[in-house]
Amino acid sequence: MSGAEKKIGRECGEEWWQTGIIEMRPGVIRLRGYEIQDLIGRVSFPAMIWLMLRGELPGEEQAALLGIALGAAVDHGPQAPSIAIARMAATCGVGINSAMASAINVLGDVHGGAGEQALAFYGDIAAALDGGTTLADAVSVRLDRFFAEEESYVPGLGHRFHPVDPRAPRLIELTRDFAARGVVSGRFADIAEAVEAEVARRKGRKIPLNIDGATAVIYGELGFPPPLTRGLFVLSRSVGILAHAWEQSQATDRNKGPLPREWLWAYTGTPVRSFPEGDDGSK
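Note that the structure is predicted; figures quoted are calculated from it, not measured. Per chain, residue numbering runs from 1 following the sequence as it is written. In view of the model being predicted, local features appear only for residues whose pLDDT reaches at least 70, and side-chain atom pairs are presented and counted only at 80 or more, with totals across whole chains, interfaces and linings using the full set of residues. Hydrogens and waters are ignored; side-chain quantities use all the structure's heavy atoms.

1. Here's the deal with the pairing of strand β1 (residues 22–25)
The pairing criterion for strands is at least two bridges between them, as found by DSSP. Working definition: helices are DSSP H or I runs of at least four residues, strands are E runs of at least two. Numbering for both runs from the N terminus. Where β1 lies against strand β2 (residues 28–31), 4 bridges are found, and the strand directions are antiparallel. The partner of E23 across the bridge, within β2, is R30. Connecting β1 to the antiparallel partner β2 that follows it, the hairpin turn spans 2 residues, and G27 within it adopts a positive phi of roughly 85°.

2. Observations regarding the domain arrangement of the protein
For interface size, the figure often reported is the accessible area lost on association. Once the domains are mapped, the protein shows domain 1 (21–58) and domain 2 (113–250). Just the C-alpha atoms count here: the centres of domain 1 and domain 2 sit 29 Å apart. In this assembly, 4 residues from domain 1 lie in contact with 6 residues from domain 2. Buried surface at the junction of domain 1 and domain 2, summed over both partners, amounts to about 450 Å²; 80% is from carbon and sulfur atoms. Note on terms: buried area is the combined drop in 1.4 Å-probe accessible area of two parts once they are placed together, counting the loss on both. It is W50, L53 and R54 that lose the most area in domain 1 upon contact with domain 2, and together they represent 81% of the buried surface on that side. Think of a salt bridge as a Lys or Arg side-chain nitrogen and an Asp or Glu carboxyl oxygen that are within 4 Å of each other. Along the contact surface separating domain 1 from domain 2 lie 0 salt bridges. We define a polar contact as two N or O atoms separated by no more than 3.5 Å, with the added condition that, inside protein, one atom must be a possible hydrogen donor and the other a possible acceptor, whereas residues neighbouring each other in sequence contribute only through side-chain atom pairs. Counting across the interface, domain 1 meets domain 2 through 1 residue pair in polar contact (both at pLDDT 80 or more). Any residue that is not Ala, Val, Leu, Ile, Met, Phe, Trp, Tyr, Cys, Pro, Asp, Glu, Lys or Arg is counted as polar, Gly included; the first ten are nonpolar and the last four charged. Of the residues belonging to the side of domain 1 that touches domain 2, the class tally is 3 nonpolar, no polar and 1 charged. For the purposes of this description, domain bounds are those given by an automatic or database domain assignment. In this analysis, two residues are considered to be in contact whenever any of their non-hydrogen atoms come within 4.5 Å of each other.

3. Things to note about empty space enclosed by the protein
Using only the protein atoms, space was sampled on a 1 Å grid; points where a 1.4 Å probe fits but cannot get out form cavities, open sets with protein on both sides within 12 Å along at least five of seven lines form pockets, and lining residues are those with an atom within 4 Å of a point. Grid points are joined across faces, edges and corners, and a volume is the space filled by probe spheres set on the points. Counting across every chain of the model gives 1 cavity of 30 Å³ or more. Here the largest cavity is characterised by a volume of approximately 30 Å³. If you trace the largest cavity, you find it lined by A69, A73, T215, Y219, L232, F233 and S236. Of all elements in the fold, only α11 (211–221) and α12 (226–249) reach the threshold of two or more residues within the lining of the largest cavity. By residue number, the principal contributor to the lining of the largest cavity is α12, which donates 3 residues. For the lining of the largest cavity, the residue count by class is 5 nonpolar, 2 polar and no charged.

4. Remarks on helix α10 (residues 187–203)
The span you would expect from a helix comes to 1.5 Å times its residue count less one. With 17 residues, α10 extends 24 Å from end C-alpha to end C-alpha; this agrees with the ideal 24 Å at 1.5 Å per step. The inward-facing, buried residues of α10 contact α7 (114–130), α8 (135–149), α9 (167–180) and α11. G204 sits one or two residues past α10 and shows a positive phi near 80°.

5. Concerning the nonpolar core
Residue types Ala, Val, Leu, Ile, Met, Phe, Trp, Tyr and Cys, when buried and joined through side-chain atoms within 4.5 Å, form a set referred to as a nonpolar core. Buried residues are those whose accessible area, probed at 1.4 Å on protein chains only, stays under 20% of the maximum for their type, while exposed residues exceed 50% and partly exposed ones sit between those limits. Core analysis: the biggest nonpolar cluster contains 46 residues, and F121, Y122, V154, V195, Y219 and L222 have the highest contact counts within it. Those elements that place two or more of their residues in this core are α3 (45–54), α4 (60–72), α7, α8, α9, α10, α11 and α12. Take this core: its biggest share by element is 7 residues, from α10. Those residues within four positions of F121 in sequence are excluded, and the remaining contacts are R142, L143, F146, V154, P155 and V195.

6. Considering the pairing of β2
The sheet contact formed by β2 and strand β3 (residues 34–35) spans 2 bridges and is antiparallel. What sits directly across from R30, in β3, is E35.

7. Here's the deal with the side chain of R167
Relative to the helices and strands, R167 is located in helix α9. Within the structure, the side chain of R167 is placed 2.9 Å from the side chain of D165, a separation counted as a polar contact.

Here it is, written out as structure tokens:
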């Protein structure tokens, strides 16, 4: 191959994929410009996530707060669809990767997307604050619009299983601690608590923050955009999914469905009927 042909091949390869994340060639791996060997043993997993997503290393306390949010949402038991699906998939004899993929694929708008929705909601209020609106007015206007346009729950509030989600108060408490040390501003914590208070005033009862609302506070405080919040939740919940898939794979259950075999589903179709007489199906 001539020098010109080699140059064309190299340029074609370089134009095929372009990334600012990783540089790699034989004997060299650099992430965001850092030699991998310099990162190994010096950078925590949350800090590595930050570096990969944001392009710069976080401060030690920023990484710690990110790790707190990630650790809080790792599992919610087999009553959560993703966990149940991981376990059911494992009983079908598939490998760990297939069980995890099956579970992760159901983390959508309804199961797994509320954190993204909550942070977007908080972000609208934050934008109004930037425009000079008071917190109370910004929250009220955003809730007015939500109740006029949506037929759903306010994102980040309430839980179908817990009267009070035990994770949320602790996460807000820790966010306040980090804000007191100047790591974050505390702005999103203020917004979330103001939303919770205004909804309680309108409904006549408190609907507490849940894990999605509380982790959205932390991700907002740390400057992550809403779409990444869903991806971060997937990273977090993948830990529980892996644990349950592995545990189930060590058991002897086979083809274990969503219900015990003694509990059959409700049939709502056509009542029992006779097959039409005649060989041709006609009477």
